[in-house]
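Analysis of the macromolecular model
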Amino acid sequence: MVVQRKTTVPAWAGALAGLVSGGVALGVAQLVAALVGPTTFPVVAVGDATVDLTPAPVKDFAIRAFGENDKAVLVGGVLVVLAAVAAVIGLVARRRVWIGYLGFALFGVVGVLAVVTRPDAGAFDVVPTVVGVAAGAWALGWLLRRAVAGETTGVSGETTGVSGEATGVSGEATGVSGGAEPEPEVERPAVMRAGGEALTFDRRRLLTGVAGGVVVAGAGAVLGQQLGSRRTVDAARGGVTLPSPAVAAKPIPAGADLRIGGLSPFITPNKDFYRVDTALVVPQVDPADWTLRIHGLVDRPVELTFADLLKLPLTEADVTLTCVSNEVGGPYAGNARWLGARMADVLRSAGLRSGADMLLSTSADGFTCGTPLDVVMDGRDALFAVAMNGEALPVDHGFPVRQVVPGLYGYVSATKWVVDVKVTRFDQDEAYWTPRGWSAKGPIKTQSRIDVPKPGGSLKAGSATIAGVAWAQHTGLDAVEVRVDRGQWRQAKLAEVPGPDTWRQWSIDWAATPGEHTIEVRATDAAGRTQTEQPAPPAPDGATGWHSITVQVA
Ligand SMILES: Nc1nc2c(c(=O)[nH]1)N[C@H]1C(S)=C(S)[C@@H](COP(=O)(O)O)O[C@H]1N2
Ligand SMILES: [Mo]
C-alpha cells in the first residue's frame, strides 16, 4: 500500500471537535460553578457584561422586543456566539493545535474579565471559567489527536485499512469547505507528529470521542444545574422570614402528648415526617421565581408571587396528613403545625363561578391533585402552606408552597410545590392518580394504630402499657377500644387534642400474662361511627380493618 498521501482532518471534523470541546468547557464550568458555591456562571456573566457595555437605546429596544424573555434571549445569544467561535477554533486547530489552545485561552480571558467585573464578584468566581476552559482545551487536543489514525496505531495495516474510507470523507469535506478556506491537500496538519509517516483521518475514532465529549458536557451541565439550583433553593429557604400568623393555632393542650416511650409524638418532627411523592428528583423551586396562578371558573384570574402570599393574613393550624396508600397499622401519617394562607380566601378573591366543584392543582413537576371544592370552602383550615413546624417548608415537603386540607388524603389535596390551581369540574378534569385506579375523591377513613408494644415484640409479664394513635380528621375522634385475645373491648384513655384535625394519642394499661397474645384496636369518630372490621386494601380509596398485633410475654 502506498502510505505517502497525507490526509488532513476535514473541516467539518475540526468544527465538530471545536464545538464539542466548547460544550465540554461549558459543562465542566457549570459543574465547577455549582461545586465552588454561589457564583456567577461565565455565560451569564458574559451576558450581563454585554448588557453593561450595550448603549442604552439598544438595551431599550431589546427590552421592548423581548420583554420578560430578554435575559433568556441574551444568554441564548451568548451561547450561539460561543458555539460559532468554538467551531472556528476547532477548524483552525486542525493544522496548528496551539492556535486552538490560544483560542480557548482567549475565551478564558473574556470569561474571567466578565466574571471579575461583576459587582458582586469574589476571588473564587474565576475558578469555573478557568477549569472549564482548561477542560475544553484539553478536550480539543484529545479529539484532534483521536481524529488522526496514525497517532496511536503503529500498525500500518490498520491505518491503511481506514484510509480508503477516510480519504473519501475528507475529499467531500474539502469540497464543501473549499470556498471558505482553501485547503491544500499537501499541507500537513500540526497534529501529525509521526515523522515522515502518513497519517489518516479516522472518522470512527473522532466520532466516538465526540460522543464521549457530548456525554461529559451534558452530564456536567445537568449535574451542575441540579446542584446549583439545590444550593440556590437551600439558600433562599434559609432566607425566608416567616410572618407571624394572623390567626394563631389553638395552644396544644398539655395533655396532648402522653410521653410514652415508642409512642408517636403528638407533633411529628420534620425530619421524621413521612414523604410520599412521584418525584424522582425533588423539584427545586426558587421562591423568587415562584408564582401561583388561580384560573378556570373564576371571574378574575389571580397570579400571586411568594411575597404576595406572605403578605396575606396567615393561619396556623395543627393538621395530621395521611396517605391513602397507608396499610392498616402503616407509617404514612404525620402531624405538623402548618402556617399558610387560607385557600378559601384566595379563591374567593378570584371570584368563584357557579358550577365549579373541583380544584385541579398542579405541582412544579407536573403532578396534580383534584380536590373537592366544597371541602376547601366549608371553613376548615385548608391552606396554601408556607411553613411546617415553625420553619419554611422543607424542600422534600413542598417548598416554597404546598396545599394542606384537613380530612382529605394527600393524593387528592396536599399538592407539594404547587404552582397552579384550576377551578373546574370533576366531570371535566382528572387528577394524576384517578386514571391510575384511585378514587377521584379521597376523604380520610378513621384509623387507629398500635405503636406500643412493637408488633412482633416481646415484653415482661406484669403491668404493661398499650398505646398508639388514632385519627378521623375534621370529624374528630371520640373513642378508642382495645381488646386482647378477642376478649372484652376496653376503653383506652384518650389524650387531649387542640381540635378535630389531628390524630389523637391513646393508651391503656394491661396486665400481661406469659404467652403469645393478640392485641386489637378500633376507633370511633365524633359522629359515632366505629371503624369497620372488614379488611380492605389501600386501593382505591383507603384501607380498612382493625390493626392487630401479636406479642410474646415472658
Ligand atoms: N407534587 C406532589 N405533591 C404531592 C404528591 C406528589 O406525588 N407530588 N403526593 C401526595 C401524596 S400521595 C401525599 S400522601 C402527600 C405526602 O406529603 P408529604 O410527602 O409531605 O408527607 O403529598 C401529596 N402531594
Ligand atoms: Mo398519599
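Heads up: the structure comes first, above all this text.
What this report covers is the structure whose coordinates are included nearby. (Residues numbered from 1 in each chain as written. Chains lettered and ligands numbered in written order. Predicted model: local features only at pLDDT ≥ 70, side-chain atom pairs only at ≥ 80, totals over all residues. Heavy atoms only, no water.)

Moving on, we come to the sheet that holds strand β6 (residues 368–372). Spatial strand order, β2-β1-β10-β5-β6: 5 strands in an open sheet with mixed pairing. In the strand order of this sheet, the two ends are held by β2 (302–305) and β6, each with one partner. Averaged over neighbouring strand pairs, the angle between their axes works out to 15 degrees when direction is ignored. Here 4 bridges tie strand β1 (residues 291–296) to β2, and the two strands are oriented antiparallel to one another. By the bridge assignment for β2, Ile-294 is matched with Val-302. (Pairing = 2+ DSSP bridges. Helix = DSSP H or I, 4+ residues; strand = E, 2+ residues; numbered from the N terminus. Axes fitted to C-alpha atoms, helices over the stretch in contact; angles between N-to-C directions.)

Let us now look at the site of ligand 1. Taken together, 18 residues form the shell around ligand 1, and within it Tyr-274, Thr-278, His-397, Arg-402 and Lys-416 come nearest. Tyr-274 has a polar backbone atom sitting 2.7 Å from an oxygen atom of ligand 1. Measuring from an oxygen atom of ligand 1, one finds a side-chain N or O atom of Lys-416 at 2.5 Å. Considering ligand 1 on its own, with 530 Å² of exposed area, one finds that the protein chains cover 99% of that surface. Within the shell around ligand 1, the residues separate by chemical class into 8 nonpolar, 5 polar and 5 charged. (Near = heavy atom within 4 Å. Polar contact = N/O pair within 3.5 Å; in protein donor to acceptor, adjacent residues only side chain to side chain. Areas by Shrake-Rupley, 256 points an atom, 1.4 Å probe, with all protein chains shown as cover. Nonpolar A, V, L, I, M, F, W, Y, C, P; charged D, E, K, R; others polar.)

Turning our attention to helix α5 (residues 97–116). Helix length check: α5, at 20 residues, gives a terminal C-alpha distance of 29 Å against a target of 28 Å (1.5 Å per residue), a fit within 8%. Listed in full, the buried residues belonging to α5 are Val-97, Gly-100, Gly-103, Phe-104, Phe-107, Gly-108, Gly-111, Ala-114 and Val-115. Buried residues of α5, seen end-on, are gathered within an arc of 140 degrees and therefore sit on one face of the element. Facing away from the buried side of α5 by over 90 degrees, the exposed positions are Trp-98, Leu-106 and Val-110. Buried residues along α5 sit in contact with α1 (11–36), α2 (42–53), α4 (70–93) and α6 (127–147). (Expected span 1.5 Å × (residues − 1). Buried < 20%, exposed > 50% of the residue type's maximum accessible area, 1.4 Å probe, protein only. Arc of directions from axis to C-beta. Contact = heavy atoms within 4.5 Å.)

Overall, antiparallel pairing links the 4 strands, which are arranged β11-β13-β17-β16 in an open sheet. If you trace the sheet from one side to the other, it starts and ends with β11 (447–452) and β16 (493–494), each paired once. Where β16 meets strand β17 (residues 504–512), 2 bridges bridge the pair, whose relative direction is antiparallel. In the sheet register, Lys-493 faces β17, and the bridge partner there is Ser-507.

This part takes up empty space enclosed by the protein. In total, this model carries 1 cavity of 30 Å³ or more according to the counting rule given. Residue lining of the largest cavity: 16 residues in total, with Asn-326, Glu-327, Gln-447, Trp-471 and Ala-543 positioned closest to the centre. With 3 residues, β11 is the largest single contributor of residues to the lining of the largest cavity. Broken down by class, the residue content of the lining of the largest cavity amounts to 6 nonpolar, 7 polar and 3 charged. Viewed by domain, the lining of the largest cavity spans two of them, domain 2 (254–436) and domain 3 (447–553), each represented by three or more residues. (1 Å grid on protein atoms, 1.4 Å probe; cavity = no way out; pocket = protein on both sides within 12 Å on 5 of 7 lines; lining within 4 Å. Points joined across faces, edges and corners; volume = space filled by probe spheres on them. Domains from an automatic or database assignment.)

Once that is clear, we can look at unusual backbone geometry. Phi is mostly negative for residues that are not glycine, and the peptide bonds are mostly trans. The omega angle of the peptide bond from Phe-399 to Pro-400 is 5 degrees, so this bond is cis rather than trans. Checked against the element boundaries, Pro-400 lands in the loop between β8 (391–392) and β9 (402–404). Going from Val-452 to Pro-453, the amide bond is cis rather than trans, its omega being -5 degrees. Here Pro-453 is to be found in the loop between β11 and β12 (458–459). Located in the positive-phi region is Trp-417, a residue other than glycine, with phi close to 55 degrees. Position of Trp-417 relative to the elements: it lies in the loop between α12 (410–413) and β10 (418–424).

The next point concerns a nonpolar patch on the surface. On the surface, Trp-98, Tyr-101, Leu-102 and Leu-106 cluster together to form a nonpolar patch covering roughly 440 Å² of accessible area. Following the sequence through the fold, Leu-106 ends up in helix α5. Judged by its relative accessible area of 53%, Leu-106 is exposed. (Patch = residues over 30% accessible without salt bridge, like charges linked within 9 Å, V, L, I, M, F, W, Y side chains within 5 Å. Salt bridge = Lys/Arg side-chain N within 4 Å of Asp/Glu carboxyl O.)

Moving on, we get to the pairing of β10. Among the 7 residues in β10, 5 count as buried, and that is most of the element. In terms of strand pairing, β1 meets β10 through 4 bridges, oriented parallel. If you follow Arg-293 over to β10, its bridge partner there is Asp-420. Of the strand pairs in this sheet, strand β5 (residues 358–363) and β10 are connected by 6 bridges, and their pairing is antiparallel. From the neighbouring strand, Thr-362 faces β10, where its bridge partner is Asp-420.

A few words now on the packing of aromatic side chains. The description of two aromatic rings rests on the distance between their centres and on the angle between their planes. The final tally for this structure, using the stated rule, is 13 aromatic pairs. Arranged with centres 6.5 Å apart and planes meeting at 65 degrees, the rings of Phe-306 and Phe-399 form a pair that is edge-to-face. Placement of the pair is Phe-306 in helix α9 (residues 306–311) and Phe-399 in the loop between β8 and β9, with a sequence separation of 93 residues. Through pairs of rings, three or more aromatic residues link up here, namely Phe-273, Tyr-274, Tyr-332 and Trp-338. Taking the ring centre of Tyr-432 as reference, the NZ or CZ of Arg-436 above it sits at 3.7 Å. Over the ring of Phe-426 we find Lys-441; its NZ or CZ atom is 4.8 Å from the centre of that ring. (Phe/Tyr/Trp six-rings, centres within 6.5 Å; stacked < 30°, edge-to-face > 60°. Lys NZ or Arg CZ within 6 Å of the ring centre and 35° of its normal.)

Soluble globular proteins: nonpolar side chains tend toward being buried together. Judged by nonpolar contacts, the single largest core of 70 residues is most densely connected at Ile-294, Trp-338, Phe-384 and Val-386. Ranked by residue count, the leading element in this core is strand β7 (residues 383–388), at 6 residues. Both domains that meet at this core, namely domain 2 (254–436) and domain 3 (447–553), each give it at least three residues. Apart from residues no more than four positions distant in its own chain, Val-386 is found in contact with Leu-242, Phe-306, Leu-309, Leu-310, Leu-314, Leu-339, Gly-340, Glu-391, Ala-392, Leu-393, Pro-400 and Val-401. Residues Val-9, Val-32, Val-97 and Leu-140 belong to the second largest nonpolar core, which totals 34 residues. (Core = buried A, V, L, I, M, F, W, Y, C linked by side-chain atoms within 4.5 Å.)

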